[in-house]
Amino acid sequence: MKTRFRSLAVHWPTAVPAIAFVILALTWGSSLNGGMVALVGCALAGAVLAAVHHAEVIAHRVGEPFGSLVLALAVTVIEVALIVTLMADGGDKSSSLARDTVFAAVMITCNGIVGLSLLVGALRRKVAVFNPEGTGAAFGTVATIAGLSLALPTFTTSTPGPRFSPPQLVFAALAALILYGLFVATQTIRHRDYFLPVTAEGEVIDTDDHADPPSTRTALVSLGLLALALVSVVGLAKGVSPAIESAVAAAGLPASVVGVVIALLVLLPETIAAVRAARRDRVQTSLNLGLGSAMASIGLTIPAVAVASVWMEGPLVLGLGASHMVLLALTVVVGTLTVIPGRATVLQGGVHLALLGAYVVLAVSP
C-alpha cells in the first residue's frame with residue numbers, strides 16, 4: 001500500500017495534465033450538469049496544481065531569482081486565460097471582470113502572500129529579513145502600474161465612467177508592459193543579487209539548500225507538461241465559467257466576487273510555495289513570488305485585455321471605486337513602510353493580513 005501511494009505521489013504531476021486534457025476534449029462545447037461541473041472543477045484544480053508543480057521543477061533547474069519569475073509567469077498565464085475566457089462570453093458583468101480579478105490579485109499578493117511570508121518568517125526567528133533594494137524596486141513597480149491601470153481611469157474625463165479612452169488604454173497597456181520588462185531585466189541581469197535571500201547579517205545567500213537540480217531532459221518534459229496543463233486550464237475554465245457566475249448570483253453575492261474566486265484559485269499554489277520558502281528562512285524568495293505575481297498580473301493582464309477589447313463587445317471598466325481606492329492607498333503606504341527597513345516583525349505581517357481581511361469583507365458586503 002505504501003508503495004502505491006509513493007508511486008502515485010511521484011506520477012500524479014505527469015498524469016493529471018493528460019487526464020485534464022482528455023476531460024476537456026470530452027466536454028468541450030457541452031452543457032454541463034451538476035456532476036459534470038464537479039468533475040471538470042476537480043480536473044481544473046488538478047491542472048492548476050500540476051502547472052505550478054512543473055513551473056517549480058523548471059524554476060529549480062534555472063535557479064533563483066529566475067525560479068520565482070517562471071512561477072509568477074505561469075500563474076499569470078493561467079489568470080489571463082481565465083479572464084479572457086470569461087470576458088469572451090460578453091455581458092455587462094464581464095466589463096469589470098479584468099479590474100476585479102487584477103485588483104484581487106494585487107490584494108492577495110501584496111497583503112496575503114507578503115503578510116503570511118513575513119508572519120511565518122518572523123515567527124521562525126523573531127525578525128523576517130529581506131533585501132530592501134530588490135523588494136523596494138518590485139513594490140515600487142507594482143504601485144506604479146496599479147496606480148496607472150486601476151486608479152487613474154476613475155479620474156479621467158475623456159469617456160464617461162471609470163474607463164480609459166482608446167489612446168489612454170494604449171498608453172496604460174504599453175507602460176505596464178514596458179515597466180514589467182524593465183523589472184525582469186533588473187531582476188535577472190543587471191541587479192540579480194538584489195533579489196537573492198539574505199542572512200540576518202545582510203549577506204547574500206547564493207546557494208540552494210534543496211536537492212540537486214533536475215536534469216535538462218526532466219526540465220524539458222516539465223515544460224511540455226506545463227504547456228499541456230495551461231491549455232487544459234483555459235478550456236476547462238471556459239466550461240465551468242457559467243457555473244461560477246450562477247453560484248455567485250445564487251448566493252446573492254456581488255458579481256465582483258467572481259474575480260476574487262479566480263484570483264484565489266490561481267494564487268493558492270503560489271501562496272503555499274511562498275510560505276514554504278519563508279519556513280526555510282528564504283523570505284526574499286517569498287516576497288519575490290508575491291510581488292512578482294502582482295506585477296505580472298497587472299503588467300501582462302492589462303495589455304492582454306486591451307488587445308482583447310478590440311474584438312470584444314461592451315466597455316472595459318478598469319477604474320476602482322472609492323473603498324477599493326482607499327485599500328490600494330493603504331496597501332501602498334503600509335507596504336512602503338514595511339519594505340524600507342529590510343526587516344519585519346510579526347506586527348507587519350499582521351497589518352498586511354488585516355488589509356486583506358478588509359478587502360474580503362468589502363468584496364462580500366460592499
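Structure's up top.
Values in this document were obtained by computation on a predicted structure and should not be read as measured data.

Let's shift gears to the overall build of the chain. The number of helices and strands found in the chain is eleven helices and two strands. Out of the 366 residues belonging to the chain, those deemed buried represent 49%. Put simply, 82% of the contacts in the chain that link residues at least 6 apart link residues at least 24 apart. Surface summary for the chain: the accessible area is close to 16400 Å², and the carbon and sulfur share equals 69%.

For the pair helix 4 (residues 97-125) and helix 9 (residues 283-308), interaxial distance at closest approach is 9 Å and the crossing angle is 175°. Taken together, helix 4 and helix 9 sit at an angle that is classed as roughly antiparallel. Together, Ala98, Val102, Ala105, Val106, Thr109, Cys110, Ile113, Val114, Ser117, Leu118 and Gly121 of helix 4 and Val283, Ser286, Leu287, Gly290, Leu291, Ser293, Ala294, Ser297, Ile298, Thr301 and Val305 of helix 9 make up the contact between the two elements. Taken together, the residues of the contact of helix 4 with helix 9 break down into 14 nonpolar, eight polar and no charged.

Quick look at the nonpolar core now. With 85 residues, the main nonpolar core has Ile78, Met87, Phe103, Leu118, Leu236 and Tyr359 as its most contacted residues. Broken down by element, this core gets its largest block of residues, twelve residues, from helix 4. When sequence neighbours within four positions are dropped, the list of residues in contact with leucine 118 reads Ala128, Phe130, Val283, Leu287, Thr338, Ala344, Gln348, Gly349 and His352.

Turning next to the packing of aromatic side chains. Applying the stated criterion across every chain yields a total of two aromatic pairs. Seen from their ring centres, phenylalanine 103 and tyrosine 359 are 5.5 Å apart, and the 80° between their planes marks the pair as edge-to-face. Note that phenylalanine 103 is positioned in helix 4 and tyrosine 359 in helix 11 (residues 346-364), a separation of 256 residues in sequence. Like tyrosine 359, phenylalanine 103 is buried. Relative to phenylalanine 195, the ring of phenylalanine 183 has its centre 5.5 Å away and its plane inclined at 90°; by these criteria the two rings are edge-to-face. Highlighted residues: phenylalanine 183 in helix 6 (residues 166-190) and phenylalanine 195 in the loop between helix 6 and helix 7 (216-250), separated in sequence by twelve residues. Residue classification places phenylalanine 183 among the buried residues on the basis of a relative accessible area of 7%.

In this section: helix 11. In an α-helix there are 3.6 residues to a turn, and that puts residues three or four apart on one side. Between the first and last C-alpha of helix 11 there are 27 Å, a value that for 19 residues agrees with the 27 Å anticipated at 1.5 Å per step. Burial in helix 11 covers these residues: Gly349, His352, Leu355, Leu356, Tyr359 and Ala363. Here the buried residues of helix 11 occupy an arc of 125° about the axis, which is enough to place them on one side. Residues Leu347 and Val361 are exposed on helix 11 and point more than 90 degrees away from its buried face.

So, about the side chain of asparagine 131. By secondary structure assignment, the location of asparagine 131 is in the loop between strand 1 (128-129) and helix 5 (132-151). Owing to a relative accessible area of 7%, asparagine 131 belongs among the buried residues under this scheme. Once residues lying within four places of it in the same chain are set aside, the contact partners of asparagine 131 are Asp193, Tyr194, Leu196, Val198 and Gln284.

With respect to the secondary-structure elements, glycine 134 resides in helix 5. Note on glycine 134: relative accessible area 0%, which makes it buried. It is 8.2 Å that separates the C-alpha atoms of glycine 134 and histidine 191, two residues lying 57 residues apart in sequence. Ignoring anything within four residues of it in the chain, the contact list for glycine 134 reads Tyr194 and Phe195.

On to the pattern of salt bridges, then. Per the counting criterion, the structure on display carries two salt bridges. The salt bridge partner of arginine 99 is aspartate 100, with a shortest N-O separation of 3.1 Å. For the pair shown, arginine 99 and aspartate 100 are each scored as buried. Taking the shortest distance from any N to any O, the salt bridge between aspartate 281 and arginine 124 comes out at 3.0 Å. Of the two residues, aspartate 281 sits in the loop between helix 8 (257-279) and helix 9 while arginine 124 sits in helix 4, which places them 157 residues apart along the sequence.

Positive phi is not limited to glycine here, since lysine 126 has a value of about 70°. Its place among the elements puts lysine 126 in the loop between helix 4 and strand 1. Judged by relative accessible area, lysine 126 falls into the exposed class, the value being 71%. A positive phi angle is found at aspartate 281, which is not glycine, with a value near 65°.

Okay, the packing of helix 10 (residues 322-339) against helix 11 next. The interhelical angle for the contact between helix 10 and helix 11, taken along N-to-C directions, is 170°, at an axis separation of 11 Å. Relative to helix 11, helix 10 is oriented roughly antiparallel. Contact residues: Ser323, His324, Leu327, Leu330, Thr331, Val334, Gly335 and Thr338 in helix 10; Gln348, Val351, His352, Leu355, Ala358, Tyr359 and Leu362 in helix 11. Considering only residue class, the contact of helix 10 with helix 11 consists of eight nonpolar, seven polar and no charged.

A separate point is helix 5. Of all the residues in helix 5, the buried ones are Gly134, Thr135, Ala138, Phe139, Thr141, Val142, Ile145, Ala146, Ser149, Leu150 and Ala151. On its buried side, helix 5 packs onto helix 4, helix 6, helix 9 and helix 10. Looking at where helix 5 begins, the residue whose side-chain oxygen comes 3.1 Å from the main-chain nitrogen of glutamate 133 is asparagine 131.

Parameters and conventions
Residues numbered from 1 in each chain as written. Predicted model: local features only at pLDDT ≥ 70, side-chain atom pairs only at ≥ 80, totals over all residues. Heavy atoms only, no water. Helix = DSSP H or I, 4+ residues; strand = E, 2+ residues; numbered from the N terminus. Buried < 20%, exposed > 50% of the residue type's maximum accessible area, 1.4 Å probe, protein only. Contact = heavy atoms within 4.5 Å. Areas by Shrake-Rupley, 256 points an atom, 1.4 Å probe, with all protein chains shown as cover. Axes fitted to C-alpha atoms, helices over the stretch in contact; angles between N-to-C directions. Parallel < 35°, antiparallel > 145°, perpendicular 65-115°, else oblique. Nonpolar A, V, L, I, M, F, W, Y, C, P; charged D, E, K, R; others polar. Core = buried A, V, L, I, M, F, W, Y, C linked by side-chain atoms within 4.5 Å. Phe/Tyr/Trp six-rings, centres within 6.5 Å; stacked < 30°, edge-to-face > 60°. Expected span 1.5 Å × (residues − 1). Arc of directions from axis to C-beta. Salt bridge = Lys/Arg side-chain N within 4 Å of Asp/Glu carboxyl O. Polar contact = N/O pair within 3.5 Å; in protein donor to acceptor, adjacent residues only side chain to side chain.

By themselves, these are just geometric observations and shouldn't be taken as functional.
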